[in-house]
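# Breakdown of the fold
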Protein chains: 2
Amino acid sequence: MPRFFVDPRQIEDGVVRIAGEDTNHITRVLRLRPGDRITVLDGTGLEYEVVISTISEEEVTGRVVGSRQRRTEPRLKVTLVQGLPKADKMELIIQKCTEIGVARILPARTERSVVELEGGKAARRLERWRKIAVQAAEQSGRALVPAIGEVTPLAAVLNSAEFHDAMENGLGLALMPWEGEDSVDLRRALAGRLLQAPSMMGQDGQGGGPVGQGDRDVTLAQYSRRPEVAWLFIGPEGGFSAREVEMAHAAGVNTITLGPRILRTETAGFVALTLLLWEAGELDVDASEKGKST
Amino acid sequence: MPRFFVDPRQIEDGVVRIAGEDTNHITRVLRLRPGDRITVLDGTGLEYEVVISTISEEEVTGRVVGSRQRRTEPRLKVTLVQGLPKADKMELIIQKCTEIGVARILPARTERSVVELEGGKAARRLERWRKIAVQAAEQSGRALVPAIGEVTPLAAVLNSAEFHDAMENGLGLALMPWEGEDSVDLRRALAGRLLQAPSMMGQDGQGGGPVGQGDRDVTLAQYSRRPEVAWLFIGPEGGFSAREVEMAHAAGVNTITLGPRILRTETAGFVALTLLLWEAGELDVDASEKGKST
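Because the structure is predicted, anything quoted here is derived from the model rather than measured. (Residues numbered from 1 in each chain as written. Chains lettered and ligands numbered in written order. Predicted model: local features only at pLDDT ≥ 70, side-chain atom pairs only at ≥ 80, totals over all residues. Heavy atoms only, no water.)

Helix and strand content of chain A: 10 helices and 13 strands. Counting over 294 residues, chain A shows a buried share of 52%. Roughly 12800 Å² of accessible area belongs to chain A as shown, and the carbon and sulfur atoms make up 49% of that amount. (Helix = DSSP H or I, 4+ residues; strand = E, 2+ residues; numbered from the N terminus. Buried < 20%, exposed > 50% of the residue type's maximum accessible area, 1.4 Å probe, protein only. Areas by Shrake-Rupley, 256 points an atom, 1.4 Å probe, with all protein chains shown as cover.)

Right, let's talk about the sheet that holds strand E3 (residues 15-19) of chain A for a bit. Residues and elements named next belong to chain A. Strand order in the open sheet formed by six strands is E1-E4-E5-E6-E3-E2, with mixed pairing between adjacent strands. Unpaired on one side and paired on the other, strand E1 (3-5) and strand E2 (11-12) mark the two borders of the sheet. With respect to the sheet, helix H1 (residues 21-29) is in contact with E1, E3, strand E4 (37-41), strand E5 (46-55) and strand E6 (59-69), its orientation differing from that of E3 by roughly 95 degrees. (Pairing = 2+ DSSP bridges. Contact = heavy atoms within 4.5 Å. Axes fitted to C-alpha atoms, helices over the stretch in contact; angles between N-to-C directions.)

All right, on to the sheet that holds strand E2 (residues 11-12) of chain B then. Residue and element names in this part refer to chain B. Taken together, the six strands give an open sheet; going across it, the order is E1-E4-E5-E6-E3-E2, and neighbouring strands pair in mixed fashion. Each edge of the sheet is formed by a strand with only one pairing partner; in this case those strands are strand E1 (3-5) and E2. As defined by bridge partners, strand E4 (residues 37-41) adjoins strand E5 (residues 46-55) across five bridges and the pair is classed as antiparallel. What sits directly across from Thr-39, in E5, is Glu-49.

So, about the pattern of salt bridges. Across all of its chains, the model carries 36 salt bridges over all chains by this definition. Where Arg-264 of chain B meets Glu-99 of chain A, a salt bridge forms, and the shortest distance between an N and an O atom there is 3.4 Å. Of this pair, Arg-264 of chain B sits in the loop between strand E13 (254-256) and helix H9 (265-279) while Glu-99 of chain A sits in helix H2 (residues 89-100), which puts the two residues in different chains. Like Glu-99 of chain A, Arg-264 of chain B is buried. Put simply, Arg-142 of chain B and Glu-73 of chain B hold a salt bridge, and the shortest N to O gap is 2.7 Å. Of this pair, Arg-142 of chain B sits in the loop between helix H3 (119-140) and strand E9 (147-148) while Glu-73 of chain B sits in the loop between strand E6 (59-69) and strand E7 (77-83), and the two are 69 residues apart along the sequence. When sorted by exposure, Arg-142 of chain B lands in the same class as Glu-73 of chain B, which is buried. Each of Lys-89, Glu-237, Arg-264 and Glu-266 of chain A together with Lys-96 and Glu-99 of chain B takes part in a single network of salt bridges with overlapping partners. (Salt bridge = Lys/Arg side-chain N within 4 Å of Asp/Glu carboxyl O.)

Right, let's get into the packing of aromatic side chains. Counted by the stated rule, this structure contains five aromatic pairs over all chains. When the centroid spacing of 5.4 Å and the interplanar angle of 0 degrees are considered together, the rings of Phe-270 of chain A and Phe-270 of chain B count as stacked. Taken together, the residues span two chains, with Phe-270 of chain A in helix H9 (residues 265-279) and Phe-270 of chain B in helix H9. Assessed through its relative accessible area of 1%, Phe-270 of chain A is described here as buried. Taken together, the ring pairs connect Phe-163, Trp-231 and Phe-233 of chain A into an aromatic cluster. Here the basic side chain of Arg-187 of chain A rests over the ring of Trp-278 of chain B, its NZ or CZ set 4.3 Å away from the ring centre. (Phe/Tyr/Trp six-rings, centres within 6.5 Å; stacked < 30°, edge-to-face > 60°. Lys NZ or Arg CZ within 6 Å of the ring centre and 35° of its normal.)

The next subject is the confidence of the model for chain A. When the pLDDT values of chain A are averaged, the result is 87; 87% of them are 70 or greater. Across residues 196-223 of chain A, confidence stays below pLDDT 50; counting only partners more than four residues off in sequence or on other chains, it has 59 contacts. (pLDDT = per-residue confidence, 0-100.)

This part takes up helix H8 (residues 242-250) of chain B. Residue and element names in this part refer to chain B. Every buried residue belonging to H8 is among Glu-244, Val-245 and Ala-248, and all of these are buried. Relative to the axis of H8, the buried residues are bounded by an arc of 100 degrees and lie together on one face. For H8, the exposed residues lying more than 90 degrees away from the buried face are Ala-242, Arg-243, Glu-246 and Ala-250. Buried residues along H8 sit in contact with helix H4 (154-158), strand E11 (172-177) and E13. One or two steps after H8, the chain reaches Gly-252, where phi turns positive at roughly 100 degrees. (Arc of directions from axis to C-beta.)

The next subject is the packing of H9 of chain A against H9 of chain B. Relative to each other, H9 of chain A and H9 of chain B sit at 65 degrees, their axes nearing to 10 Å. You can see that H9 of chain A and H9 of chain B cross each other, and the crossing is right-handed. In contact with Phe-270, Val-271, Thr-274, Leu-275, Trp-278 and Glu-279 of chain A of H9 of chain A, H9 of chain B contributes Phe-270, Val-271, Thr-274, Leu-275, Trp-278 and Glu-279 of chain B. Considered class by class, the residues forming the contact of H9 of chain A with H9 of chain B number eight nonpolar, two polar and two charged. (Left-handed = near helix turned anticlockwise from the far one by under 90°. Nonpolar A, V, L, I, M, F, W, Y, C, P; charged D, E, K, R; others polar.)

Before going further, it helps to spend a moment on the side chain of Asp-284 of chain A. Residue and element names in this part refer to chain A. On the secondary structure map, Asp-284 appears in the loop between H9 and helix H10 (285-291). In this structure Asp-284 comes out as buried when scored by relative accessible area, which is 1%. A polar atom in the side chain of Asp-284 sits 3.2 Å from the backbone nitrogen of Ala-287. (Polar contact = N/O pair within 3.5 Å; in protein donor to acceptor, adjacent residues only side chain to side chain.)

Below, the discussion takes up H2 of chain A. Residue and element names in this part refer to chain A. For H2, with 12 residues, the first-to-last C-alpha span of 16 Å sits near the 16 Å given by 1.5 Å per residue. Counted residue by residue, H2 has 11 buried out of 12 residues, so it is predominantly covered. Taken residue by residue, H2 has Met-90, Glu-91, Leu-92, Ile-93, Ile-94, Gln-95, Lys-96, Cys-97, Thr-98, Glu-99 and Ile-100 as its buried positions. Among the residues trailing H2, Gly-101 stands out with phi positive, at a value near 130 degrees. (Expected span 1.5 Å × (residues − 1).)

Below, the discussion takes up the pairing of E6 of chain A. Residues and elements named next belong to chain A. Pairing of E3 with E6, which is carried by five bridges, proceeds in the antiparallel orientation. Along E6, the bridge assignment pairs Ala-19 with Glu-59. In terms of strand pairing, E5 meets E6 through nine bridges, oriented antiparallel. Looking across to E6, one finds that Ile-52 is bridged to Gly-62. The antiparallel pairing of E5 with E6 creates a hairpin that spans three residues between the two strands.

In structure tokens:
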């Protein structure tokens, strides 16, 4: 069924009002008629089944005939800090990482970013990126649309109070795939911190609670601090500079290898996000079970 | 350093001869001169350091000053059987899966493939796909170029002697991400068959040999049959039909979930390939160590 995100204020007394581009999409592209059904998401995780009542040039209205909570959002909220790449790569990154399950994307200005976005151009680009995130969220059945931030200097992200606080209180995890790293991989960087994830449970996947092989090495304090947020730092085409890597290390970021093959900037993001969500138990049977609408 | 694949016959008595498009790339795009260095790969895993000697319109020659064995190829050879998608998606799939580490891509005609490729158009498309695989292999530092097969009916892949034999002798593994599957994920489908991979070793990553938690349930026969080849079956935009899923099940393919979010056809391939290579220990520190040229 076609899916549309709306502002919660567009739903009142069981009636949904859709205007703007979505109207065009419903009437001209999908050629829907009164009586047809659509799915409407309010961006808070609630999903409505809606029967179209009226269609005009400016507005489509519909009647809510059912609602349910979607559970397709990962518990681990991952922010992708993406060194600003060239051309249309950013669009591909936003689309794919939204499907895979990113919570937020912050395009970052780095020493080797060659693209300069300023003024009106930056605003138009941001608007386009946000539209791509909405479309990918609708298509992939997400309950929320990942936030796309404005282009920010890398140092500003690392120095932000939000980043500092999460790293300080143990609820944050920060990873930077870097080709200069060859002694730490994702598993070592996590070092048991996601042990409660099903991926570390018994082989049969049935074991309850934190029963990893390495649990003898993990303190209770670590269990109680299972990360809730993670940052992935991905360099632009030319990678991060030595100075940037140093700055990241100082801020508590773990550099990791993603194996012996050299990945393009956009590919490194897909791969690291996939592995992080997998190790956090967000791509397995238990996550799929939860994803069923209730 | 710029990297070029050549036919082993182009290297003789320590002299490399490069002709065709690569000549143009060396002279006009990279503007290299005699004395500059390039890396030449012979497609068997051998990598040569070469100093350019002469440059003409038709040919570039160079002197081999060093050679080494690259170990960037995964031990697990994964074939991606990709339901033929629309437009330029196939090119994206070939580029990204080559970087991640696929061994071979077989574009498959399925019930819901809407693209028809025939005659000259099919030949030109295949030529273009193979060129993309070469470029991505050069860029990502692979020692081999993944093979790209001709478009083949899905049934022909499932009924091939190669597929049958690998599934029979226990050296093959076949997975099909499918949105109708919600009780088997990648971990359950592997069911300890990749236990020797570092991903299942002790938490500290130091444990030698097969020491997974579930090893009590794994017979010696299973250890001795660690899969060497794997097939990933990915549906086109509309997915596989019920009949195709049934046919795959009958041939020994495991359907799996990739979590609660709906992935586009190209995204499903990246994600499944990434997870399979990760669980096989091909994206971690040990693999990176081996990847260093020796």
